[in-house]
Amino acid sequence: MDELFRNLGAWLTGSAQWTGSDGIAHRLAEHLQYSLLATLVAAAIGLPLGLLIGHTGKGAFLAINLASFGRALPTVGLVVLVFLAGGLSMLPVYVALVALAVPAIVTNTYAGMTAVDPDVRDAAKGQGMRGHQVLFQVELPLALPLVMTGLRLALIQVVATATIAAYVSFGGLGRYVFDGLAQRDLVQVLGGAVLVAATAVVLDLALSALQRFLFRHRTA
């Protein structure tokens with residue numbers, strides 16, 4: 001076991017391992033690209049949907065059950081299904097990652113909207129604000145902390161799952177996991193897993209710190 005960890009440490013810190021098209025720096029950049037793009041697409045879908053449901057009060061059943069759907073979604077199965085339908089491309093990976101991220105964004109956006117005090121809404125309407133003004137000037141600013149929490153959770157889930165890109169022969173940190181399994185190279189498998197976990201943890205800590213900084217003036 002000690003030898004395994006020594007080899008893992010040497011694998012992670014070796015200068016040659018960080019350079020080239022198969023180096024950690026390049027694979028990390030690919031992984032972040034997949035994750036950020038998928039999360040942005042999911043936000044473009046999930047934020048308007050969550051805001052609409054929370055503002056109108058219609059479709060709450062959808063928002064509540066999306067969370068369960070996201071947890072039960074067979075990500076690899078979805079990749080294979082889209083892969084068989086659309087051929088070899090990154091599309092199956094992005095479809096799966098977006099489908100994974102949307103529920104967290106919708107449900108947290110909806111939760112943030114429903115947490116807004118109804119008296120605040122009524123006061124805004126009493127001042128002559130129209131529906132869209134109430135939404136963007138009153139409800140959304142108050143719901144923003146939970147909205148950002150949803151985006152953060154979605155991104156972390158996507159980062160942890162973006163290893164599936166390697167399942168259909170593309171890049172990212174998952175390349176080390178799948179190549180290591182194919183080559184029976186336990187050090188490479190563990191190295192890939194450690195890098196994915198470390199990336200998710202660092203992003204989570206950074207986004208959590210940013211969220212606390214942005215909303216430091218709000219008290220519970």
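Attention in this report is confined to the structure presented alongside it.

What counts, and where the lines are drawn
Residues numbered from 1 in each chain as written. Predicted model: local features only at pLDDT ≥ 70, side-chain atom pairs only at ≥ 80, totals over all residues. Heavy atoms only, no water. Helix = DSSP H or I, 4+ residues; strand = E, 2+ residues; numbered from the N terminus. Contact = heavy atoms within 4.5 Å. Areas by Shrake-Rupley, 256 points an atom, 1.4 Å probe, with all protein chains shown as cover. Salt bridge = Lys/Arg side-chain N within 4 Å of Asp/Glu carboxyl O. Buried < 20%, exposed > 50% of the residue type's maximum accessible area, 1.4 Å probe, protein only. Patch = residues over 30% accessible without salt bridge, like charges linked within 9 Å, V, L, I, M, F, W, Y side chains within 5 Å. Phe/Tyr/Trp six-rings, centres within 6.5 Å; stacked < 30°, edge-to-face > 60°. 1 Å grid on protein atoms, 1.4 Å probe; cavity = no way out; pocket = protein on both sides within 12 Å on 5 of 7 lines; lining within 4 Å. Points joined across faces, edges and corners; volume = space filled by probe spheres on them. Nonpolar A, V, L, I, M, F, W, Y, C, P; charged D, E, K, R; others polar. Axes fitted to C-alpha atoms, helices over the stretch in contact; angles between N-to-C directions. Parallel < 35°, antiparallel > 145°, perpendicular 65-115°, else oblique. Left-handed = near helix turned anticlockwise from the far one by under 90°. Core = buried A, V, L, I, M, F, W, Y, C linked by side-chain atoms within 4.5 Å.

Before going further, it helps to spend a moment on the overall build of the protein chain. The number of helices and strands found in the protein chain is nine helices and zero strands. If you take every contact in the protein chain between residues at least 6 apart in sequence, the share linking residues at least 24 apart comes to 75%. Put simply, the protein chain shows about 11700 Å² of open surface, and 67% of that area lies on carbon and sulfur atoms.

The next thing to look at is the pattern of salt bridges. Tallied over the entire structure, the rule returns five salt bridges. Of the charged contacts, one joins D22 and R27 as a salt bridge, the two residues approaching to 2.8 Å between their closest N and O atoms. A salt bridge links R152 to D204; the shortest N-O distance between them is 2.8 Å. A residue pair is termed long-range when its members are at least 10 positions apart, and R152 in helix 7 (residues 131-161) and D204 in helix 9 (residues 186-214) qualify at 52 residues. By relative accessible area, D204 is classed as partly exposed at 26%. Here the salt bridges do not stand alone but share partners, grouping D22, R27 and E30 into one network.

Attention shifts here to unusual backbone geometry. Look at R184: it is not a glycine, yet its phi comes out positive at around 55°. Position of R184 among the secondary structure elements: in the loop between helix 8 (174-183) and helix 9. For R184, a relative accessible area of 80% gives the class exposed.

What follows is about a nonpolar patch on the surface. On the surface, L37, V41 and I45 cluster together into a nonpolar patch covering about 230 Å² of accessible area. For I45, the position within the fold is in helix 2 (residues 24-56).

It is worth spelling out the packing of aromatic side chains at this point. Scanning the model with the defined rule gives three aromatic pairs in all. Both rings, one in W11 and one in Y176, keep their centres 5.1 Å apart while their planes meet at 90°; by these two values the pair is edge-to-face. Residue W11 is found in helix 1 (residues 2-13), and its partner Y176 is found in helix 8; the two are separated by 165 residues along the sequence. On the basis of relative accessibility, which here comes to 13%, the residue W11 falls in the buried class. Judged by its relative accessible area of 1%, Y176 is buried.

This paragraph deals with the environment of M90. With respect to the element layout, M90 can be found in the loop between helix 4 (75-86) and helix 5 (91-114). By relative accessible area, M90 is classed as buried at 13%. Taking the C-alpha atoms as reference, M90 lies 7.5 Å from F170; in sequence the two are 80 residues apart.

For the rest of this paragraph, the subject is the layout of surface pockets. The computed volume of the largest pocket comes to approximately 190 Å³. Taken together, L36, T39, L40, A43, M148, L151, R152, L155, L207, L210 and Q211 make up the lining of the largest pocket. If you list the elements that add at least two residues to the lining of the largest pocket, you get helix 2, helix 7 and helix 9. Class assignment of the residues belonging to the lining of the largest pocket gives a composition of eight nonpolar, two polar and one charged.

Between helix 5 and helix 7, the least distance of the axes is 7 Å, while the angle of their chain directions is 150°. Comparing the axis directions of helix 5 and helix 7 gives the class roughly antiparallel. The crossing of helix 5 and helix 7 is right-handed. Partitioned by chemical class, the residues of the contact of helix 5 with helix 7 number 16 nonpolar, seven polar and one charged.

Before going further, it helps to examine the nonpolar core. Among the nonpolar cores identified, the biggest contains 24 residues, and A38, A42, M90, V93 and L97 are the most heavily contacted of them. Elements supplying a minimum of two residues to this core: helix 2, helix 5 and helix 7. With 11 residues, the single largest contributor to this core is helix 5. Among all residues touching M90, those that are not within four sequence positions of it are Y34, A165 and F170. Core analysis: the next-biggest nonpolar cluster, separate from the first, contains nine residues, L8, L12, V187 and L195 among them.

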